[in-house]
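Summary of structural features
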Amino acid sequence: MPLAKRQFDAVVVGAGGAGLRAALQLSEAGLRTAVVTKVFPTRSHTVAAQGGVGAALGNMGADRWEWHMYDTVKGSDWLGDQDAIEYLARKAPEVVIELEHFGMPFDRNEDGTIYQRPFGGHMQNMGAGPAVQRSCCAADRTGHAMLHTLYQRNVRAGTQFFVEWMALDLVLGADGRVLGVTALEMETGDVAVLQARATLFATGGAGRIFAATTNAFINTGDGLGMAARAGFPLEDMEFWQFHPTGVAGAGVLITEGVRGEGGYLLNKGGERFMERYAPNAKDLASRDVVSRAMATEIKEGRGCGPDGDYVLLKLDHLGVEKIEKRLPGIREIAKKFANVDPVKDPIPVVPTVHYQMGGIPTNYLGEVVVPGKGGPNTVVPGFYAAGECACASVHGANRLGTNSLTDLLVFGKAAGETMVRFLEENPGHPELPADAADRTLARIARLEGPGGGESVHEVGRELRRTMQAHAGVFRFPDLLAEGVKRVKEIAERAEHLAIADKSRVFNTARVEALELQNLVEVARATMVSAEARKESRGAHDRSDFHERDDANWLKHTLWYREGDRLAYKPVNLKPLTVESIAPKARVY
Amino acid sequence: MAGEVEMRRLRWRCRRGLLENDLVLARFLDKHGQALEGARLAAFERLIALDDNDLWDLVSGRAECREPGLQEVLAWLRAA
Ligand SMILES: Cc1cc2nc3c(=O)[nH]c(=O)nc-3n(C[C@H](O)[C@H](O)[C@H](O)COP(=O)(O)OP(=O)(O)OC[C@H]3O[C@@H](n4cnc5c(N)ncnc54)[C@H](O)[C@@H]3O)c2cc1C
C-alpha cells in the first residue's frame, strides 16, 4: 500500500461543533490547519441538536454564571471537575456572543437581544429557583445553524478540509509526544500519515455501542478507540445518558410531550405499570424513574414482543385531532420507524442512549491528561481533545440539557488557544518514527488476510445487544458481571474480523470493520467501568448499590485497554476563583 | 443501475447527521438501489445533497418540493 505523508501545524480530527470551533482558532492564528472528517462537515451529528446552547446571558431575567455553574455541578452529581465547570459557565456568554458576531442566526427578543428558552435543571439562585431561561437557540435548528456558521468562517480562514477521510490511529514519537494520525482516504483507499505538531480529537460520541441509541450511524467513537489503542486511558465511561422513549429497534426519539399530553406506558399484560412505581406522577415521573421502571419490567419478563424487550406507549385515546395538533411529527415517526399508526396502535419504546458523559481525559485547557510523572493529570504533549469525545470533566455523571453545545464552543476554543501557544513554544516537526503507520497497516492487512472469518455484521449486532441488555439504564450486578465476560469474548472475536470486499475505492465494508474495532474498545471500557463502580450516581444506576457513596466513589474512573485495567483519580472540587460547591443530595 | 463504485460512494453519502435520515436512506438503497440510473440517479443525488434537516422535512412531509424532476424518487423515499 503506498504511503503518503503530509505535514501541517495542526490536525483536527472531526468537523462537528467542537472540531470546527478549534480549527477556527488555529487558522485565524495563521497556522496550517487540516480538518479530517468522515462526512461533509455540516453532516456531523451536531446537526441533530435542537434544544439550544446554554449561557447565562440574563436576557430573559436575572441570571449569573455562578448559577449556571451551580446547576452544572449539581447536574453532574458532583462528579464534574469544578475548575472546568467554572470555566465553562464563565466563558459561555463570551463564546455565544462571539458566535452571534460570526453570523449565527439566533432567535431574538424585541429589543434585539438573543431570545433564551427554559430547559430542565437550569435555575436561579444556586439551585433554589425559580427556573431560568438560559438556552439560546435558532428555531429548532441550533446545531445546524452552528455548523454552517462555523464552517463558512473556517473556509474564509483557510482551514484545509479532508472530507471523507477516516483517521485510523495516533502516531506517537519515542518520547510519547503525539505526532499526528494515520488516515484512510475513502476515494482512493490509500492510507496516509497526516503529520502535525499538535493533534486534536473532536470525533463526537459513541452511542452506536448500544442497540437503542438516538445517535447517527457515524457515531462510532473512533477517537476513543484510537486513544485506547495508543495506550491512553478513557475516563468515566460508565456514564451514559438515556432518554426513556426511543422507538424500539430504531432509536428515533419520541418526545416527552407525548406523555405530557396524556400518553402512557403499558407492559405485556396491558398493565399501566407506572402506577406501581410512581403512584402520583405516574408516567410523568422524572426521566430516570420512568427509564428504571421500564428496565425493571423488561428484566422481570413483562416486556412485550417476541423477545420481551420493549414496552408500549399508548396514545390512541388522545384522538387523531389532538395527536396531529399537539404532537406534530409523531405520527410520521411512529409509522416510519415502528410500523404502527399511533392513532390506532401503541408505539414500542425502550430507554435509549443519547449522550456519552465520559471520554478522553482532558483539563479545562483541552490538553489530554493522564497519570504520569507529573501526578494524575500529566499533560500529553501535542495531544488535545474537545466535545463529546472528551471528558473535561464538566458533565460528570449526568449532563444538563444544552450544556453539550456550550462544551463544544468553550472547550473547542480553549483547546485551539492552548494549541496556538504550544505551537509557538515548540517550533519544528519532530522526526516521525520509521514505523509510524505499521500498526494501522497491519490492522488493515489482518482484515483482508486469511486468519479471519468473523462477520462485521454479526459481531456488531452481538455487541450492541450485549451492551443494551447488560449495561442499560438500570444496572443489575449479575447482568454486569456476565456482561464483562461477554464483551471480552466479543472483543476477542473482533480481532478476527474478515471482509470479503477487498476493493479500494469507497470500500464501506472496510470502513465499517474499522469502526467496529473502535466500538469494541468503547464497549469494553463502559462495561468494565460500570461493573466496578459499586454505587449509583447520576446516570449510573445500580440495583444493588442504590445510593451515591461519596466516601468511596467520589472519584473518576480511568480504564486502560491493556488488560482492562482500572485506575481512579480524584474529582477536582476546587474551582478556579470561587468557593467550592460541597456535595449534597441531588434532588429536583 | 449505477456502477459498482458509484453505488458504494452513494452508500457512504447516505451516512448522515440525523438518525432519521440514516434509517430511511439505508432502506431506500436496499429497496431501490438497483433502479437508480439516469434521471433517477441524478434526482437522488440532488436530494441527498440537501442539508439533513431539509431532507428530513421533505421525507417526513413537513415540507413540499415543487420540482417535477424530484417527485418520483421523493415518493419512494417517503414510502421507504
Ligand atoms: C437528537 C439529539 C439532540 C441533541 N440536542 C442537543 C441540544 O439541544 N443541546 C445540546 O447542548 N446538546 C444536544 N445534543 C448533544 C450534542 O448534539 C452533541 O453532544 C454534540 O453535537 C457533539 O458534537 P461534537 O463536535 O463533539 O461531535 P459531532 O458533531 O458528533 O462530530 C464528530 C465529527 O467527527 C468526525 N469523525 C468521527 N470519527 C472520525 C474519524 N475516525 N476520522 C475522521 N473524522 C471522524 C465526524 O465526521 C464528525 O465531523 C443532542 C444530541 C442528540 C443525539
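Residues numbered from 1 in each chain as written. Chains lettered and ligands numbered in written order. Predicted model: local features only at pLDDT ≥ 70, side-chain atom pairs only at ≥ 80, totals over all residues.

**A look at the interface of chain B and chain A**
Contact residues are listed per partner, giving 20 residues for chain B and 26 residues for chain A. Elements with a minimum of two residues in the side of chain B that touches chain A: helix 1 (4–13), helix 2 (19–32) and helix 4 (52–59) of chain B. Along the lines of polarity and charge, the residues of the side of chain B that touches chain A split into 6 nonpolar, 4 polar and 10 charged. (Contact = placed C-beta atoms within 7 Å. Helix = DSSP H or I, 4+ residues; strand = E, 2+ residues; numbered from the N terminus. Nonpolar A, V, L, I, M, F, W, Y, C, P; charged D, E, K, R; others polar.)

**As for the sheet that holds strand 20 (residues 565–570) of chain A**
Residues and elements named next belong to chain A. The 3 strands are arranged 10-19-20 in an open sheet whose pairing can be described as antiparallel. Single-partner strands in this sheet number two, and they are strand 10 (234–235) and strand 20. Sheet topology note: the strand 19 (residues 555–560)/strand 20 ladder contains 6 bridges and is antiparallel. By the bridge assignment for strand 20, Thr557 is matched with Tyr568. On top of the sheet, helix 15 (residues 508–532) reaches strand 10, strand 19 and strand 20; it is set at about 135° to strand 19, its chief contact. (Pairing = 2+ DSSP bridges. Axes fitted to C-alpha atoms, helices over the stretch in contact; angles between N-to-C directions.)

**Describing the site of the ligand**
Residue and element names in this part refer to chain A. Around the ligand sit 44 residues in total, of which Gly14, Gly16, Gly51, Gly204 and Gly387 are the nearest. Mapped by element, the contributors of at least two residues to the shell around the ligand are helix 1 (17–28), strand 2 (33–37), strand 7 (165–172), strand 14 (347–356) and helix 11 (403–425). At 4 residues, helix 11 tops the list of elements feeding residues into the shell around the ligand. Class assignment of the residues belonging to the shell around the ligand gives a composition of 18 nonpolar, 23 polar and 3 charged. (Near = placed C-beta within 6 Å.)

**Structural notes on the environment of Ala174(A)**
Positionally, Ala174(A) belongs in the loop between strand 7 and strand 8 (178–185). What makes Ala174(A) exposed here is the crowd of 8 C-beta atoms within 10 Å. (Buried ≥ 20, exposed ≤ 12 C-beta atoms within 10 Å, placed from the backbone.)

**A closer look at the environment of Thr466(A)**
Residues and elements named next belong to chain A. Topologically, Thr466 is positioned in helix 13 (residues 456–470). Look at Thr466 and you get buried, because 23 C-beta atoms sit within 10 Å. As for Thr466 and Glu482, which are separated by 16 residues in sequence, their C-alpha atoms are 9.6 Å apart. Thr466 has contacts with Gly483, Arg486, Val487 and Ile490, leaving out every residue within four places of it along the chain.

**With respect to helix 4 of chain B**
Within helix 4 of chain B the residues assigned to the buried category are Asp52(B), Asn53(B), Leu55(B), Trp56(B) and Val59(B). An end-on view of helix 4 of chain B places all buried positions within 160° of arc, on one side of the element. Structurally, helix 4 of chain B contributes buried residues whose contacts are with helix 4 (142–157) of chain A together with helix 2, helix 3 (38–48) and helix 5 (71–79) of chain B. Phi for Gly61(B), located one or two positions after helix 4 of chain B, is positive at around 85°. (Arc of directions from axis to C-beta.)

**A closer look at the pairing of strand 19 of chain A**
Residue and element names in this part refer to chain A. With 2 bridges connecting them, strand 10 and strand 19 associate as antiparallel partners. Paired with Glu235 across the strands is Leu558, a residue of strand 19. Counting the residues that bridge the hairpin from strand 19 to strand 20 gives 4 residues, and of these Gly563 lies at a positive phi of roughly 65°.

**Some points on the packing of helix 1 of chain A against helix 4 of chain A**
Residue and element names in this part refer to chain A. Axis separation between helix 1 and helix 4 bottoms out at 9 Å; the angle between their running directions is 25°. The orientation of helix 1 with respect to helix 4, classified from their angle, is roughly parallel. Note that helix 1 runs across helix 4; the crossing there is left-handed. Across the interface between the two elements, Gly17, Leu20, Arg21, Ala23, Leu24, Ser27 and Glu28 from helix 1 touch Met146, Leu147, Leu150, Tyr151, Arg153, Asn154 and Ala157 from helix 4. Per-class residue counts for the contact of helix 1 with helix 4 are 8 nonpolar, 3 polar and 3 charged. (Parallel < 35°, antiparallel > 145°, perpendicular 65-115°, else oblique. Left-handed = near helix turned anticlockwise from the far one by under 90°.)

**Section: unusual backbone geometry**
Leave glycine aside and you will find that most residues have negative phi; peptide bonds, for their part, are mostly trans. All names here are of chain A. Omega for the bond connecting Gly129 with Pro130 falls within 30 degrees of zero, at 5°, which places this linkage in the cis form. For Pro130, the position within the fold is in the loop between strand 4 (116–123) and strand 5 (131–136). The peptide bond linking Ala392 to Ser393 adopts the cis configuration, its omega dihedral lying at -5°. A positive phi is found at Asn125, a non-glycine position, where the angle reads about 55°. Within the secondary structure layout, Asn125 lies in the loop between strand 4 and strand 5.

**So, the nonpolar core**
By size, the foremost hydrophobic cluster in this structure holds 197 residues, and its most contacted members are Leu200(A) and Ile360(A). Once you skip the residues sitting within four places of it in the chain, Ile360(A) turns out to touch Phe201(A), Gly223(A), Leu224(A), Ala227(A), Phe232(A), Leu234(A), Val368(A), Ala385(A), Cys389(A), Ala390(A) and Cys391(A). (Core = buried A, V, L, I, M, F, W, Y, C linked by C-beta atoms within 7 Å.)

**With respect to the sheet that holds strand 3 (residues 53–54) of chain A**
Residue and element names in this part refer to chain A. Strand order in the open sheet formed by 3 strands is 3-5-4, with antiparallel pairing between adjacent strands. Either end of the sheet is taken by a strand with one partner, and the two such strands are strand 3 and strand 4. Bridging between strand 3 and strand 5 involves 2 bridges; their strand directions are antiparallel. The residue bridging Val53 from the neighbouring strand is Cys136, located in strand 5. Lying over the sheet, helix 2 (residues 65–75) contacts strand 3, strand 4 and strand 5, oriented at roughly 50° with respect to strand 4.

**Quick look at the pairing of strand 16 (residues 367–372) of chain A**
Residues and elements named next belong to chain A. In terms of strand pairing, strand 16 meets strand 17 (residues 375–385) through 4 bridges, oriented antiparallel. What sits directly across from Val369, in strand 17, is Val379. Hairpin connection of strand 16 to strand 17: 2 residues between the antiparallel strands.

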